[in-house]
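# Structural overview
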Amino acid sequence: MTITKRMVVRSTHSLALAACLWMTFAGDVSAQTTDAASAAAAPAATHAAAGHHAHAPSLLAALPFVAILLCIAILPLVPSVAHWWHHNSNKLIISAVLALAALTYYLLRGTGFGHGDDTAAAGFPTVLKVLDHAVLDEFIPFIILLFSLYTICGGIRLQGDLRATPRNNTAFLIAGSILASFVGTTGASMLLIRPLLQTNRERKYVKHTVIFFIFLVSNIGGCLLPTGDPPLFLGYLLGVPFLWTFSLWKAWLFCCVVLLIIYYLWDSYLYRHEPPLEHMLDETRIEPLRLTGSLNFLWLAGVVLAVALMVPGKPLLGTGFTVPDYFREAVMLAFVGLAWIASSPQVRRDNEFNFRAIIEVAVLFIGIFITMQAPIEILRIEGPSLPLTNPARFFWATGSLSSFLDNAPTY
């Protein structure tokens with residue numbers, strides 16, 4: 001991902017958050033927003049109160065976390081190391097070294113890790129507690145969900161070449177904005193970006209369409225369900241109800257409508273200024289949309305239902321069966337297996353599907369999840385003393401962090 005695309009992606013987080021906060025503070029989000037937010041915040045407040053007298057880690061303990069983020073942002077731009085960084089094995093080396101540095105700090109610091117009665121003893125038990133929290137509780141469910149959506153969507157192909165009119169392009173964006181919450185922003189992007197680019201291949205002005213696609217399909221569109229965007233799934237793991245994010249539909253609609261209007265007007269202006277040859281080619285090269293691998297939508301629905309209904313430690317809906325740890329993840333992987341067997345290998349070849357992208361996410365995020373434990377601990381202990389005393393300050397603080405930390409670590 002280029003630095004321009006990365007900046008575009010992260011800038012949308014602030015827009016989405018602004019709309020959500022505006023709707024909430026204007027009283028347009030229902031009362032369950034307050035209830036769910038209070039329920040999710042209560043444990044954090046309790047932990048903060050319990051740990052307020054604890055000794056917060058030094059800011060130096062956060063250096064591995066800062067270092068891995070700087071590597072992700074800077075190394076692809078340095079010509080002498082960009083090729084080296086391109087290989088996932090080298091990303092894994094950086095991630096492992098920085099994670100080891102963070103774990104060494106927890107091994108040697110002389111104090112435990114945890115909250116109240118769940119605090120581990122200093123030394124090696126603290127290291128195990130950090131790994132249990134960062135890897136077993138959060139990273140594994142996180143990466144298995146992404147892997148499941150990514151792999152199943154790799155067996156779906158939508159192809160065609162419509163007229164690249166502002167109306168058709170806007171229809172692509174509307175479809176992606178709706179689909180993203182159900183199959184994930186990654187899945188919706190994988191499915192729709194190829195036919196969108198194919199439709200616009202005769203046009204001269206295309207960059208703005210890709211940018212708005214990133215805004216709407218790759219980011220804002222996924223805010224209605226925890227399966228839509230990784231940070232929302234992390235919130236779900238921490239106890240936010242599965243359907244709570246659906247109460248943000250007004251904020252989602254506000255963002256989408258504003259951006260779609262801006263895009264339609266912008267694209268209409270550029271469409272009128274396309275060279276005549278581009279218009280002629282666009283009108284003569286028409287291919288109807290064709291969907292292959294549609295059976296995979298059944299497996300995607302299975303993954304979404306597994307996330308919604310299978311909560312570890314709680315009874316499965318309508319039964320007396322208590323869901324054991326990682327049963328949900330096993331079910332998701334089972335749907336991946338079914339999709340892999342039932343899908344045509346030719347569809348995956350046509351999609352140029354491979355696992356490099358999801359492996360890159362895995363090797364980087366396992367380092368992020370481990371190294372960010374120290375910053376989280378600092379915020380848990382020192383959070384009550386931060387000057388975030390009103391919604392506006394909280395908005396600007398979290399929005400600023402999200403702009404360069406990305407949204408999942410900020411969440």
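Up top is the structure.
A brief look at the structure comes next. Since this is a predicted model, take the numbers as computed values, not measurements.

Conventions used here
Residues numbered from 1 in each chain as written. Predicted model: local features only at pLDDT ≥ 70, side-chain atom pairs only at ≥ 80, totals over all residues. Heavy atoms only, no water. Helix = DSSP H or I, 4+ residues; strand = E, 2+ residues; numbered from the N terminus. Buried < 20%, exposed > 50% of the residue type's maximum accessible area, 1.4 Å probe, protein only. Contact = heavy atoms within 4.5 Å. Areas by Shrake-Rupley, 256 points an atom, 1.4 Å probe, with all protein chains shown as cover. Salt bridge = Lys/Arg side-chain N within 4 Å of Asp/Glu carboxyl O. Expected span 1.5 Å × (residues − 1). Pairing = 2+ DSSP bridges. Polar contact = N/O pair within 3.5 Å; in protein donor to acceptor, adjacent residues only side chain to side chain. Axes fitted to C-alpha atoms, helices over the stretch in contact; angles between N-to-C directions. Parallel < 35°, antiparallel > 145°, perpendicular 65-115°, else oblique. Left-handed = near helix turned anticlockwise from the far one by under 90°. Nonpolar A, V, L, I, M, F, W, Y, C, P; charged D, E, K, R; others polar. Phe/Tyr/Trp six-rings, centres within 6.5 Å; stacked < 30°, edge-to-face > 60°. Bend = angle between axes of the 7 residues up to and from the residue. Patch = residues over 30% accessible without salt bridge, like charges linked within 9 Å, V, L, I, M, F, W, Y side chains within 5 Å.

### Considering the overall build of the chain
- Summing up its helical and strand segments, the chain has 18 helices and two strands in all.
- By residue count, 46% of the 411 residues in the chain fall in the buried class.
- A sequence separation of at least 24 residues applies to 79% of the contacts in the chain between residues at least 6 apart.
- When the accessible surface of the chain is totalled, it reaches about 20,200 Å², and 71% of it is carbon and sulfur.

### Some words on the pattern of salt bridges
- Tallied over the full model, the rule gives 10 salt bridges.
- For the salt bridge of R290 with E287, the shortest nitrogen-to-oxygen distance reads 3.8 Å.
- For R290, a relative accessible area of 41% translates into the label partly exposed.
- Owing to a relative accessible area of 26%, E287 belongs among the partly exposed residues under this scheme.

### Focus on helix α10 (residues 249-272)
- For α10, spanning 24 residues, the distance from its first C-alpha to its last is 34 Å, which sits close to the expected 34 Å at 1.5 Å a residue.
- Along α10, the residues classified as buried are A251, W252, C255, C256, L259, L260, Y263, D267, S268, L270 and Y271.

### Overview of the pairing of strand β1 (residues 157-161)
- Most of β1 is tucked away: five of the five residues are buried.
- Bridge count for β1 against strand β2 (residues 287-292) is four bridges, and the pairing is antiparallel. Residue pairing in the sheet places Q159 in a bridge with R290 of β2.

### A few points about the environment of C71
- Residue placement: C71 occurs in helix α3 (residues 63-74).
- Of the residues examined, C71 reaches a relative accessible area of 16% and is grouped as buried.
- In the structure, C71 is positioned 20 residues away from K91 in sequence and 9.1 Å away in space, judged by C-alpha atoms.
- Setting aside its immediate chain neighbours within four residues, C71 contacts P76, W85 and I94.

### Some thoughts on the side chain of N351
- Relative to the assigned elements, N351 resides in the loop between α14 (345-350) and α15 (356-371).
- The class of N351 is buried, set by a relative accessible area of 6%.
- Here the side chain of N351 touches I156 through a polar contact of 2.9 Å, landing on its backbone oxygen.
- Once residues lying within four places of it in the same chain are set aside, the contact partners of N351 are C153, G154, I156, R157 and R194.

### As for the packing of helix α7 (residues 166-199) against helix α8 (residues 207-216)
- Between α7 and α8, whose axes approach to 11 Å, the crossing angle comes to 20°. In terms of their interaxial angle, α7 and α8 are classed as roughly parallel. The way α7 lies across α8 gives a crossing that is right-handed. Mapping the contact onto sequence places N169, L173, S177, A188, S189, L192, I193, L196 and L197 in α7 and T209, V210, F212, F213 and L216 in α8.
- Class assignment for the residues of the contact of α7 with α8 results in 10 nonpolar, four polar and no charged.

### Thoughts on the packing of aromatic side chains
- The final tally for this structure, using the stated rule, is 19 aromatic pairs.
- Here Y106 and F113 contribute two aromatic rings whose centre-to-centre distance is 5.4 Å and whose plane-to-plane angle is 80°, an arrangement assigned as edge-to-face. Across the pair, exposure class does not vary: Y106 and F113 are buried alike.
- Aromatic side chains F147 and F355 sit 5.9 Å apart centroid to centroid with 25° between the ring planes, which places their arrangement in the stacked category. Of this pair, F147 sits in helix α6 (residues 124-153) while F355 is found in the loop between α14 and α15, placing the two residues 208 residues apart along the sequence.

### What to know about α6
- Here α6 contains 30 residues, and its C-alpha end-to-end distance of 41 Å stays within 8% of the 44 Å for a straight helix at 1.5 Å per residue.
- In α6, a bend of some 45° at F139 exceeds every other bend along the element, and P141, a proline, comes one to four places later.

### What to know about a nonpolar patch on the surface
- Together, I174, I178, F182, L243, F246, W249, L253, V257, I261, Y264 and L265 line one region of the surface with nonpolar side chains, adding up to about 1,000 Å² of accessible area.
- Mapped by element, the contributors of at least two residues to the nonpolar patch are α7 and α10.
- For the nonpolar patch, the leading source of residues is α10, giving six residues.
- With respect to the helices, strands and loops of the structure, L243 is situated in the loop between α9 (230-237) and α10.

### Examining the environment of E138
- Mapped onto the elements, E138 comes out in helix α6.
- Discounting residues that sit within four places of it in the chain, E138 has contacts with H133, L237, L238, F369 and M372.

### So, unusual backbone geometry
- One non-glycine residue, Y326, lies in positive phi territory at about 70°.
- Within the fold, Y326 resides in the loop between α12 (296-309) and α13 (327-342).
- Within the chain, E352 stands out as a residue other than glycine whose phi angle is a positive 55°.
- In this fold, E352 is placed in the loop between α14 and α15.
- Given the relative accessible area of 64%, E352 is considered exposed.

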